[in-house]
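Listed here are the chains, written in short residue letters.
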Amino acid sequence: MNTDTTVANTKLTLPDFDKLLDALGAWVLAIVWISPLLFAAWAALQPSGTALGLDFSNPLTFVNFTYVWGAVPWGGYFANTVILVTLILAGQLVLCTLAGFAFARFEFKGRDTVFILVLLQLFILPEVLIVENYAIVSKLGLFDTALGIGLPYMASAFGIFLLRQAFKSVPVELEEAARIEGCSWMGVLWKVYVPAAKPVYLAYALVSIATHWNNFLWPLIVTNSPETRPLTVGLSLFGAPETGVDISVISAATIMTIAPLLIAFLIFQRQFIQAFLRAGIR
Amino acid sequence: MNEMARLQKRRLALYGWMLAAPALALMSLFAFYPAIATFWHSLFTRGTSRRPSVFAGFENYGDLFADPTFWTVATNNLIYAGVTIPVSIMFALVMALWANAHIPARSFVRSAYFTPTILPMIAAANLWLFFYTPDLGVIDQITGFFGASPTNWLGQPETALASVIIVTIWKEAGFFMIFYLAALQTIPPDLREAARIEGAGRWTYTRRVLLPLLMPTTIFVFVNAMINSVKLIDHLFILTKGGPNNASKLILYWVWEMAFAYFDSPHAAAMTILVLLALGLVAVAQFRLVEKRTHYR
């Protein structure tokens, strides 16, 4: 009897101690992981020049945000990014839907070879081909335009692959039913396949928006005016340390750049994580 | 009847091509053609207004191999890959195990790990400036508290690359975590129970049961991390610009610099081809690994 209770006791306390350690480790790592963001948020609210002192007695102020907003055409950068992201997403949705549909439901000569070529593009990163793509975009007269930034990303191999998978999993009976009711191929695509792939579209859209909101190297190369420059490029020009800009001001600019996406993420966390997950697993 | 079926089939084939054509055209223009054109241009000398560019064979590649900067940059990138890949994967696994455990405030923990994923690399670099600034930055404030003298983390060759590496790990670990998290959720809880009954401790369970089951995820994450070690260079523009004295310069940044700062596109093209070859090897390795895996099943 006596031994029984001690056994039960150790069984109860040991896992609890383990759990406590787990929780502690998880929390410490979580706090370390978001501390750069927290510090920046805090620094952005400090009067400039004082932030790095880590002096918590200073009053909070929005002066850095108003300064940044006035010093750079931030509203314009913001609009450019929104236009760019929308343009790319629209192009991707149309092109990848059509191509995904072709690879999923049509038989044509050379289809499988072409599809392997499409998959190959997953490994030819657009970032690597900057030299030649710059020449092409310039020749097309698209240098320093939103279309010039967006065009190389529109035929996304990844989008085609995802949508092909999604369309392939739609039961053929659904399609046949729609055809009996007199739907054309386009009607079938629009009424049967697109609605069935809704979650895939949502996931793909979220990942595309996040990717292109954050993209930097290619827009840096093909833009040279504030009229087309997206937020990330604007931020890099503004935040370079050698310009001698105060860290509070840089933090304010950084927070302003990431705020829209960050807020969207905090509201739709589950959808975002699901989207990245779904889009990642190829 | 037969004739009609044949006609129908041909019509469908035509539809298929028409549907795929716009995407294929753009893809050829911005991926296949540039890849080939890059190779072609890497075989020519740099043209100037006085001396037009001439065919040079593999001279540009020879120049690269003779350039000590090439070896510095390649070594840096190998170190960058060699550290960021295993360390991010380890962090990702630990994060996933914790984010999957029954702990209080689990969703806060999960989003704290994941948040860096949705930030632009440029913004991440700005956030980390706050840590690295000599004397005034967070790191120096902490080490200074213990009496250490201020360090110019980004400005000295010994620490510049490491500083860049830390930002990359911070950025990608949370992204890799979600794949482990998803994989962990498919592992039946009875396995842990069975292992416990067999007397396996937590460490044994992790090493002998969990890790092998997570192997496909690890391979997937590994390939992604490898691609990232070529791709993730945006933070260099803010943090170090590849310096000091090339100590933190990575390949893609060097390609950008050659092409757009020194206007030496033939050498940039040659370097690009070397990167594409490396990525091709990764692709082949991945396909082989996937094949092997299916053989086991």
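Being a predicted model, the structure only gives us computed values, none of them experimental.

Take the overall build of chain B next. Looking only at helices and strands, chain B features 13 helices and zero strands. Taken against the 2.2 N^0.38 rule, which gives 19 Å for 297 residues, the C-alpha radius of gyration of chain B at 25 Å runs more than 25% over that of a compact globule. Its C-alpha atoms put chain B at 80 × 70 × 30 Å along the principal axes. Taken over 297 residues, chain B has a buried fraction of 53%. If you take every contact in chain B between residues at least 6 apart in sequence, the share linking residues at least 24 apart comes to 67%.

Helix and strand counts for chain A stand at 14 helices and zero strands. Walking chain A from its N terminus toward its C terminus, one meets helices and strands in the order α-α-α-α-α-α-α-α-α-α-α-α-α-α. Contacts in chain A between residues far apart in sequence, at least 24 positions, make up 71% of those at least 6 positions apart. Carbon together with sulfur atoms contributes 69% to the accessible area of chain A, which is approximately 13200 Å² in total.

So, about the interface of chain B and chain A. Every contact between the two is made by 89 residues of chain B and, on the other side, 84 residues of chain A. Here chain B meets chain A over a buried area of about 7900 Å², counting both sides, of which 81% is carbon and sulfur. Joining chain B to chain A, the criterion identifies zero salt bridges. Connecting chain B to chain A are nine residue pairs in polar contact (both at pLDDT 80 or more).

On the surface, a nonpolar cluster with roughly 370 Å² of combined accessible area is contributed by Leu24, Trp27 and Ile31 of chain A together with Phe108 of chain B. Looking at where Ile31 of chain A falls in the secondary structure, it is placed in helix 1 (residues 2-44).

A separate point is the pattern of salt bridges. All names here are of chain B. Across all of its chains, the model carries five salt bridges over all chains by this definition. Between Arg6 and Glu3 there is a salt bridge, with its nearest N and O atoms 3.6 Å apart. With Arg6 and Glu3 both in helix 1 (residues 2-41) and three residues apart, the pair spans about one turn of that helix. Taking relative accessible area as the criterion, Arg6 reaches 47% and is therefore assigned partly exposed. For Glu3, a relative accessible area of 48% corresponds to the partly exposed category.

Let us look at the side chain of Thr272 of chain B. Of note, Thr272 of chain B is situated in helix 13 (residues 265-296). Apart from the residues within four sequence positions on either side, Thr272 of chain B is in contact with Val128, Leu129 and Val131 of chain A together with Thr38 and Val255 of chain B.

Before going further, it helps to spend a moment on the packing of aromatic side chains. Within the structure shown, the criterion is met by 41 aromatic pairs over all chains. Judged by centre distance (6.2 Å) and plane angle (45 degrees), the rings of Phe103 of chain A and Phe108 of chain A are tilted. Residue class for Phe103 of chain A comes out buried when judged on its relative accessible area of 2%. Ring-pair connections join several aromatic residues into one group, and the members of that group are Phe265, Phe272 and Phe276 of chain A together with Phe114, Phe175, Phe176, Phe179 and Phe220 of chain B. Between Arg164 of chain A and the ring centre of Phe115 of chain A, over which it is positioned, the NZ or CZ distance is 4.0 Å. The ring of Trp185 of chain A has Arg179 of chain A sitting right over it, with the charged end atom 4.4 Å from the ring centre.

On to helix 2 (residues 63-71) of chain A, then. Residues and elements named next belong to chain A. Among the residues of helix 2, Asn64, Phe65 and Val68 are the ones counted as buried. Down the axis of helix 2, the smallest arc covering the buried residues is 100 degrees, so these residues share one side. Helix 2 presents Thr66 and Gly70 as exposed residues on the side facing more than 90 degrees away from its buried surface.

Moving on: the confidence of the model for chain A. Mean pLDDT over chain A: 84, with 87% of residues reaching 70 or higher. Here residues 1-13 of chain A scores under 50 on pLDDT; set against residues more than four positions off or in separate chains, the count is one contact.

For the rest of this paragraph, the subject is the packing of helix 4 (residues 111-120) of chain A against helix 1 of chain B. Taken N-terminus to C-terminus, the directions of helix 4 of chain A and helix 1 of chain B make an angle of 40 degrees; their axes are 11 Å apart at the nearest point. In terms of axis orientation, helix 4 of chain A runs oblique to helix 1 of chain B. Between helix 4 of chain A and helix 1 of chain B the crossing geometry is left-handed. Residues Val114, Leu117 and Val118 of chain A of helix 4 of chain A form the contact with helix 1 of chain B, whose own contacting residues are Trp17, Leu24, Met27 and Phe32 of chain B.

Before going further, it helps to examine the domain arrangement of chain A. All names here are of chain A. Taken as a whole, chain A is organised into domain 1 (2-64) and domain 2 (73-280). The partner domain 2 presents nine residues to the 12 residues of domain 1 that form the contact. A combined buried area of about 720 Å² lies between domain 1 and domain 2, and 77% of that area is made up of carbon and sulfur atoms. At the surface where domain 1 touches domain 2, the tally comes to one residue pair in polar contact (both at pLDDT 80 or more). Per element, the largest residue contribution to the side of domain 1 that touches domain 2 is five residues, and it comes from helix 1. Taken together, the residues that form the side of domain 1 that touches domain 2 break down as eight nonpolar, four polar and no charged.

In this structure, Trp74 of chain A together with Tyr113 and Met271 of chain B are the most contacted members of the largest nonpolar core, which totals 202 residues. It is helix 7 (residues 157-185) of chain B that provides the largest number of residues to this core, a total of 16 residues. Once residues lying within four places of it in the same chain are set aside, the contact partners of Trp74 of chain A are Val68, Trp69, Leu231, Leu235, Phe238, Ala253, Met256 and Thr257 of chain A.

Between helix 9 (residues 185-196) of chain A and helix 10 (residues 198-214) of chain A, the least distance of the axes is 5 Å, while the angle of their chain directions is 65 degrees. In this structure, helix 9 of chain A uses Val194, Pro195 and Ala196 of chain A to contact helix 10 of chain A, whose residues at the interface are Lys198, Pro199 and Tyr201 of chain A.

Cut-off values and rules
- Residues numbered from 1 in each chain as written.
- Chains lettered and ligands numbered in written order.
- Predicted model: local features only at pLDDT ≥ 70, side-chain atom pairs only at ≥ 80, totals over all residues.
- Heavy atoms only, no water.
- Helix = DSSP H or I, 4+ residues; strand = E, 2+ residues; numbered from the N terminus.
- Rg over C-alpha atoms; globule rule 2.2 N^0.38 Å.
- Buried < 20%, exposed > 50% of the residue type's maximum accessible area, 1.4 Å probe, protein only.
- Contact = heavy atoms within 4.5 Å.
- Areas by Shrake-Rupley, 256 points an atom, 1.4 Å probe, with all protein chains shown as cover.
- Buried area = accessible area lost by both parts, 1.4 Å probe.
- Salt bridge = Lys/Arg side-chain N within 4 Å of Asp/Glu carboxyl O.
- Polar contact = N/O pair within 3.5 Å; in protein donor to acceptor, adjacent residues only side chain to side chain.
- Patch = residues over 30% accessible without salt bridge, like charges linked within 9 Å, V, L, I, M, F, W, Y side chains within 5 Å.
- Phe/Tyr/Trp six-rings, centres within 6.5 Å; stacked < 30°, edge-to-face > 60°.
- Lys NZ or Arg CZ within 6 Å of the ring centre and 35° of its normal.
- Arc of directions from axis to C-beta.
- pLDDT = per-residue confidence, 0-100.
- Axes fitted to C-alpha atoms, helices over the stretch in contact; angles between N-to-C directions.
- Parallel < 35°, antiparallel > 145°, perpendicular 65-115°, else oblique.
- Left-handed = near helix turned anticlockwise from the far one by under 90°.
- Domains from an automatic or database assignment.
- Nonpolar A, V, L, I, M, F, W, Y, C, P; charged D, E, K, R; others polar.
- Core = buried A, V, L, I, M, F, W, Y, C linked by side-chain atoms within 4.5 Å.

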